[in-house]
Amino acid sequence: MRFAPTEEQAEFRSAVKALLADTCDIVAVRASWGGEVGRHTDVGQGNGRVERAWKGLADMGVLGLLVPEADGGMGMTQDAFVGIAVEAGYAGLPDPLIETAAVAPPVLASSSEPLASEILARIACGEVTVGVGFGESPIVPCASTADWFLILTGSAAHLLDASAADITPLSSVDGARHLGRVNWNADDSTVVVSSDSDAVALAAARNAAATFSAAALVGLSHRMIDMTVEYVGERRQFGVPIGSFQAVKHELADAALGVEFAEPLAFNAAHLLSVGEDATVAASMAKSRASRSSQVASDVCLQLHGAIGYTVEHDLHLFMKRAWALSRQYGDFRTHRAVVRRALLED
Amino acid sequence: MDLTWSESEQHFREECREWLRANVPAEPLPSGDTSEGFAVHLEWEYLLHSAGWAVVSWPAAYGGRDATLWEWLIFEEEYYAAGAPQRITQNGIFLLAPTIFEFGSRAQQDYYLPRMSAAQDLWCQGWSEPNAGSDLAGIKSRAVRDDERGGWVLSGQKTWTTRGAFSTHLFGLFRTDPEAERHRGLTYFLAPLTAEGMTVRGFGRLDGDEGFAEVFLDDVFVPDDDGTTETMAAGGILGEIGQGWGVAMSTTSSERGLTLRSPGRFRAAAARLLELAHDQIAAGVDLDPAVLDAVTDAWIDTEAYALYTLRDVTGVVEGTPAGARSSYNKVFWSELDVRLHEAALDLLGAEAELDGSWMHGYEFSLSGPIYAGTNEIQRNIIAERVLGLPRK
Ligand SMILES: Cc1cc2nc3c(=O)[nH]c(=O)nc-3n(C[C@H](O)[C@H](O)[C@H](O)COP(=O)(O)OP(=O)(O)OC[C@H]3O[C@@H](n4cnc5c(N)ncnc54)[C@H](O)[C@@H]3O)c2cc1C
C-alpha cells in the first residue's frame, strides 16, 4: 500500500511545473485568447494555443507519456499523468493536453487500424493535436487548431480528419477555449474502435476525460486559492490586511477543504485506469467533487477580491472561467453524482 | 501508487476478522457513557487485551503486537465493520499514549503503557475549564511547587471531561508559572483521580448519558518522579516543566487526525446507511431523489476520507506527517459524520425521532464539530497555519 506518486513521477511532475511556469505564464495565457472575445479588453489575437509550452511538453515526453513504446511513446500508465494534469490546470494551459495526451492515446492504442498507430506516433512527437468529443455533434475545445477529432459515440470511437471536417466556431466565456461544434454524422468509414471490438476502451475514454478534467480542476482551484491568499494578505482595509478577518479566513479554508478532499479521488481514479480496473464510479466521484469544489473556490475567490476580481484586467477571471467551463465539460457535479447513485442504489 | 494489501496484510485482516467474528457480542452493548454500560465495556476491553487486540500497533511488551500503521488501519476497518463496541479506553490509548511514546521517559513508558492497554488505568482528558474552552491557553488551574514535600500541588477545575466519572486517571494542563502568559508556563500533568483532594462529578450530555464530568482539584499532591513505581502511581509530569503546551499539541494532533477517527468507522457507518436506503427503497417508501443524493454524497465523502487517510499514512510512514493539515481531517470527518446521520434520519422520515441507533448516532455526531477543538478553530488553523493568512 502506498498512496503517493513514485519518486520518478514526482520529479517529472515538478519538471513539468517548472516548464509551464516558464512557457505558460499569465502573459501567454492571455495571449492565447481569441479576437472574438477581445472586445472586452487587451486580450490577444490568439488561437487557444501556447506553442512554446506545447513544444516543451513534446520535448519532455509528456505528450507521448501514454503512447505505447512501439509507437514512439513512453508507454507509461495514467497515474504518471494525473499530477501533470493538475499542473496544466494550475498554469491555465489552454491547449488540448488532456484530450491529446491522456484520453486519445489509450483509445487509439486499442485500435487495429494502421491510421491509429500513425496518429499515436505523431501525438508523441507533438506534431498533432486531437480534439475529443462525446456524442453526435459535440462541442470540442481547441477545435480550430485540432488536426484530428476523436469522437466517441455510445458504440464507437471515430477518428476524423479535422481538415475535412465541418466545424461551426463557437465563442466560449473562456476566450482561450476556441470551441467548435463538429457537424458530423456517424458512418462506419471513420471507426477506429467499436464497442464490439473493445467496449472497455470506450468506457475508459469517458472515465479518463472525467478523471483528468477533475485533476485539472484541482489545479485551477489551487491556483485561484493561491492568488487569493496572496491578495488578501496584501490588500488592506480598516488599517489591516483583509486576510486577517475571520470571515475571509473561513471562506478560504472551506474552499481549500473541498479541493483537499477532491484531489485523492482524482488520483485514485487515475490509479484504477492504470491497473485496468473499471474506473467508472471512481472517475465520477472525482469529477463530481472536483467540479463542485472548483465552483466553490471560484465563488469564494471572486468574492474576496472585491471589484478588482470583477474585471478582465485582473488575472483571476482567466482561471475562473476555465473552471466554469471544465466543471461542466465531461459531466457536471450532479451528473457524475447520479452515476455513483445508480451504482450504489439501483444496480 | 500501490493500492493493494500485501499477503501478510491480508493475512492480518483475516486474523482480525476471524477473532472479531467469534468474539464481538451479538447484541450491541449498552452505552459506555453510563456506569452500567461502562462496566460491560470494561469486560470487553479485558477480552481484547488478553487476545492481544487492544493496541495492535504497540510493542508487544506494552500489550500490543507490533503491527504497522497500515495493519492498524486494517484492524480499525475490521473492528467497525464487525460492529464491535466503542472504545472506552480511547482517551488513553489514542490520545495520551502517543504523547507518552513521544515525551515520556523510559520508566514512564514502562509503567503507564502496559497498565493503559490492559484497561487497568482508565484515562480522561483534562484540558477544558469553565472559562477556557476554545481559548485553551487561558486555563487557570494551577500547580504550585512544594519543595518541602518534593512535588507539585494542583488546584482548580476541569470540565467536559469525557467519561471522567468512570475513569481512574486524568491527564491535563496546569499553570506552573503564574507570571507567564498564555501558552507559556503550562505543564502537562498526570494524576490519579483517587488522589486526595480530587472530586469528580458526572453529568448528562445531550443524549442523556452521563458522559461528561467536572473534576475539582483541591490541593492534589503530585510527587516528583524518582523513577520508582510508587511515585509514578501517584502521578507525574510529561515533558519539561513549562513546556506543556507543546506536549499537549501532540495529543491534539492525534485527536484531530487519523488516530481517533480512522476511516473504518465512517466506512462502516456509510455501509449501514446504504443498507438502510436499500431497505427503504425495497419497502416502497416514497423518497425524494434529494435524499438519495444525500446518501450518495455521504458515501462519496467517506471514500474521499478513506483515500485521504491512505495518503496521510503514506506521509507518516515516509516521514512527512500531516502537522497542521490534520485540521482538514477534523473538519471533514466531523461534518461528514453529521451529514451522514442526517441522511439516515431523512431516509427514516417520521420514524427518525424514534429512540434508536440512528438518532443516537446523530446526537453523537453533533458533538464532533465541537470537541477536539471546534471547527471554527480548525478553520482558523487551516487559514493561518496551512494557507498562511495573517493572524492579526
Ligand atoms: C462530547 C464532548 C466531549 C468532550 N470531551 C472533552 C474532554 O474529554 N476533555 C476536555 O478537556 N474537553 C472536552 N470537551 C470540551 C471541548 O474541547 C470544548 O467544548 C471545545 O474546546 C470548545 O470549548 P467551549 O465548549 O468552551 O466553547 P467556546 O470556546 O465557548 O465556544 C463557543 C462557540 O464560539 C466559537 N468560538 C470561540 N472562539 C472562537 C474564535 N476564536 N473564532 C471563532 N469562533 C470561536 C466556538 O467555535 C463555538 O462555536 C468535550 C466536548 C464535547 C462536546
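All of the points below concern the structure found in this document. Predicted, not measured: the structure shown is a model, and the values here were computed from it.

**Let's talk about the overall build of chain A**
Item 1. For chain A, the helix and strand inventory stands at eleven helices and nine strands.
Item 2. Here the C-alpha radius of gyration of chain A, 20 Å, is about what a compact globule of 347 residues would show, namely 20 Å.
Item 3. Referenced to the eigenvectors of the C-alpha coordinate spread, the extents of chain A come out at roughly 70 × 45 × 40 Å.
Item 4. For chain A, the residues scored as buried account for 61% of the 347 residues in total.
Item 5. Considering only residue pairs separated by 6 or more positions, chain A has 70% of its internal contacts joining residues 24 or more positions apart.
Item 6. Carbon and sulfur atoms form 51% of the exposed surface of chain A, whose accessible area is close to 13000 Å².
Item 7. Positive and negative side-chain charges of chain A, numbering 26 and 42 respectively, have mean locations separated by a distance of 10 Å.

**A few points about empty space enclosed by the protein**
All names here are of chain A.
Item 1. Tallied over the entire structure, the rule returns three cavities of 30 Å³ or more.
Item 2. If you add up the space inside the largest cavity, you get close to 230 Å³.
Item 3. Taken together, 20 residues line the largest cavity, and the ones lying closest to its centre are Leu93, Pro94, Asp95, Arg322 and Leu326.
Item 4. Every element with two or more residues in the lining of the largest cavity is listed here: helix H4 (82–91), helix H5 (97–109), helix H7 (195–234) and helix H10 (316–328).
Item 5. Residues that form the lining of the largest cavity fall into these classes: twelve nonpolar, three polar and five charged.
Item 6. As for the second largest cavity, its lining consists of Pro5, Gln9, Arg13, Asp79, Ala80, Val82, Gly83, Ile84 and Phe267.

**Digging into the pairing of strand E7 (residues 212–223) of chain B**
Residues and elements named next belong to chain B.
Item 1. Pairing between strand E3 (residues 151–158) and E7: seven bridges, direction antiparallel. The partner of glutamine 157 across the bridge, within E7, is phenylalanine 216.
Item 2. Pairing of strand E6 (residues 198–203) with E7 involves six bridges; the strand directions are antiparallel. Opposite threonine 199, over in E7, you have phenylalanine 216 as the bridge partner.

**Some remarks on the site of the ligand**
Item 1. The environment of the ligand is formed by 17 residues, the closest being Gln125, Ser128, Ser134, Thr162 and Thr374 of chain B.
Item 2. More than one chain reaches the ligand: the nearby residues come from chains A and B.
Item 3. Compared with its free state, where it exposes 960 Å², the ligand has 68% of that area covered by protein.
Item 4. Partitioned by chemical class, the residues of the shell around the ligand number six nonpolar, ten polar and one charged.
Item 5. There are two domains that each give the shell around the ligand at least three residues, and those are domain 2 (123–243) and domain 3 (257–386) of chain B.

**Side note on the pattern of salt bridges**
Item 1. The tally for this structure, following the rule as stated, stands at 40 salt bridges over all chains.
Item 2. Residue lysine 249 of chain A is joined to glutamate 384 of chain B by a salt bridge in which the shortest nitrogen-to-oxygen separation is 2.5 Å. With lysine 249 of chain A in helix H8 (residues 246–274) and glutamate 384 of chain B in helix H12 (residues 375–387), this pair bridges two chains.
Item 3. Arginine 13 of chain B is the partner of glutamate 78 of chain B in a salt bridge, and the nearest nitrogen-oxygen pair spans 2.7 Å. Here the residue glutamate 78 of chain B occupies a position in helix H3 (residues 69–81), and arginine 13 of chain B occupies one in helix H1 (residues 7–23), the gap between them amounting to 65 residues.
Item 4. Residue classification places arginine 13 of chain B among the buried residues on the basis of a relative accessible area of 12%.
Item 5. Each member of the salt-bridge network shares a partner with another, and the members are Arg289, Arg337, Arg341 and Glu346 of chain A together with Asp293, Asp297, Asp301 and Arg339 of chain B.

Each value, and the rule that gives it
Residues numbered from 1 in each chain as written. Chains lettered and ligands numbered in written order. Predicted model: local features only at pLDDT ≥ 70, side-chain atom pairs only at ≥ 80, totals over all residues. Heavy atoms only, no water. Helix = DSSP H or I, 4+ residues; strand = E, 2+ residues; numbered from the N terminus. Rg over C-alpha atoms; globule rule 2.2 N^0.38 Å. Buried < 20%, exposed > 50% of the residue type's maximum accessible area, 1.4 Å probe, protein only. Contact = heavy atoms within 4.5 Å. Areas by Shrake-Rupley, 256 points an atom, 1.4 Å probe, with all protein chains shown as cover. Lys, Arg positive; Asp, Glu negative; His and termini not counted. Charge placed at Lys NZ, Arg CZ, Asp CG, Glu CD. 1 Å grid on protein atoms, 1.4 Å probe; cavity = no way out; pocket = protein on both sides within 12 Å on 5 of 7 lines; lining within 4 Å. Points joined across faces, edges and corners; volume = space filled by probe spheres on them. Nonpolar A, V, L, I, M, F, W, Y, C, P; charged D, E, K, R; others polar. Pairing = 2+ DSSP bridges. Near = heavy atom within 4 Å. Domains from an automatic or database assignment. Salt bridge = Lys/Arg side-chain N within 4 Å of Asp/Glu carboxyl O.

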